[in-house]
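Close look at the chain arrangement
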Amino acid sequence: MEYFKNVREEYKILLRSIPAMVTAVFILSVVLMNLLAGKELYRSDYFCLNTGLALSWVSFLCMDCICKRFGARAAAGISVLAIAINMLCAVIFRLLMMTPGRWAAFYSAADPEVGAMISAGIDSTFSGAWYVVVGSSAAMFVSSVVNGMMNQMIGMRTDKGDLRGFASRSLVSTCIAQFVDNFVFSALVSHVFFGWTWTQVLICSFTSMLIELGLEAVFTPLGYRISKGWEEEQVGQPYLDRLSRTAGAR
């Protein structure tokens, strides 16, 4: 009981320490990328892109900033919060889509039948499927742990406090973690429920990772400035002090 009490207190301090805007952007990116993943940008036998890729890099950049300042455990803790809220949103969407009513697009349709089909399609999009939500949550959890561990390990060896150090720890860890994220989701969902072959799973995981990595690389300087500003302003110092006391007690 004492252990769980300490974990709860540490988590409360962490939530107060990380700037609210970063936490909000992190959670919003997770919710939206799962919602947008239902629309394809391009599809072939071995290659598939969806609009969720446009936002998936945001969550990893947030994790990298958090890991740089607060450590891997903090980044994983915020990821769990984002996953929990995403699952709650999925349940809320599902329940609301079961209620009667029409979407605004119904009234701009050519006839009532077309409008009903449009409303049903929107309902289906927001309702989602349980296996997609579970697969996405599992992939996010595993990849966040991998990302945090790799980021912290690389940072201890290469990060000298400059942009190059932040980029090396962020991009390498993101490269590995994004592949893990795509692979776990594709293996649990696309392979099992959509009949993808393992070749398709591997190729799609790799190509999606390249796109997500490229997007994060563009905004890496922004992530560096954010994390550097936290250090200079001593943002979240109470959480770091608690970690130091805990480590000293051990």
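This text follows the structure it describes.
Right, let's walk through the structure included here. (Residues numbered from 1 in each chain as written. Predicted model: local features only at pLDDT ≥ 70, side-chain atom pairs only at ≥ 80, totals over all residues. Heavy atoms only, no water.)

1. Structural notes on the pattern of salt bridges
Within this structure, the stated rule accounts for 5 salt bridges. For Lys 12, the salt bridge identified is with Glu 9, shortest N-O distance 3.7 Å. Taken together, the residues span about one helical turn, with Lys 12 and Glu 9 both in helix H1 (residues 2-17) at a distance of 3 residues. What makes Lys 12 partly exposed here is its relative accessible area of 38%. On the basis of relative accessible area, Glu 9 is assigned to the partly exposed category, the value being 26%. (Salt bridge = Lys/Arg side-chain N within 4 Å of Asp/Glu carboxyl O. Helix = DSSP H or I, 4+ residues; strand = E, 2+ residues; numbered from the N terminus. Buried < 20%, exposed > 50% of the residue type's maximum accessible area, 1.4 Å probe, protein only.)

2. Focus on the nonpolar core
Counting residues in hydrophobic clusters, the biggest one holds 34 residues, and the most contacted among them are Ile 18, Phe 26, Ile 66, Phe 70, Met 140, Trp 230 and Tyr 239. Taken together, the elements giving at least two residues each to this core come down to H1, helix H2 (20-36), helix H3 (53-70), helix H4 (72-97), helix H7 (163-193), helix H8 (198-232) and helix H9 (237-249). With 10 residues, the single largest contributor to this core is H3. The residues touching Trp 230, leaving out its near neighbours within four places in the chain, are Pro 19, Val 22, Cys 65, Ile 66, Arg 69, Phe 70 and Val 235. (Core = buried A, V, L, I, M, F, W, Y, C linked by side-chain atoms within 4.5 Å. Contact = heavy atoms within 4.5 Å.)

3. Re the packing of aromatic side chains
On inspection of all chains with the given rule, the structure shows 13 aromatic pairs. Ring plane angle 85° and centroid distance 5.7 Å describe the contact between Trp 130 and Tyr 131, whose orientation is recorded as edge-to-face. Using a relative accessible area of 61% as the deciding quantity, one classes Trp 130 as exposed. (Phe/Tyr/Trp six-rings, centres within 6.5 Å; stacked < 30°, edge-to-face > 60°.)

4. Comments concerning the environment of Gln 152
By the element assignment, Gln 152 lies in helix H6 (residues 130-158). Between the C-alpha atoms of Gln 152 and Phe 70, which are 82 residues apart in sequence, the distance is 9.9 Å. Residues within four places of Gln 152 in sequence aside, it is in contact with Cys 67, Gly 71, Ala 72 and Arg 169.

5. Description of the side chain of Ser 170
Residue placement: Ser 170 occurs in helix H7. Ser 170 gets classed as buried once you look at its relative accessible area, which sits at 0%. In this view, Ser 170 contacts Asp 64, Asn 151 and Glu 216; residues no more than four positions away in its chain are not counted.

6. Quick notes on a nonpolar patch on the surface
On the surface, Val 80, Phe 141, Val 142, Val 145 and Met 149 cluster together to form a nonpolar patch covering roughly 400 Å² of accessible area. Looking at the element boundaries, Met 149 is found in helix H6. (Patch = residues over 30% accessible without salt bridge, like charges linked within 9 Å, V, L, I, M, F, W, Y side chains within 5 Å. Areas by Shrake-Rupley, 256 points an atom, 1.4 Å probe, with all protein chains shown as cover.)

Just geometry here; none of it tells us what the structure is for.
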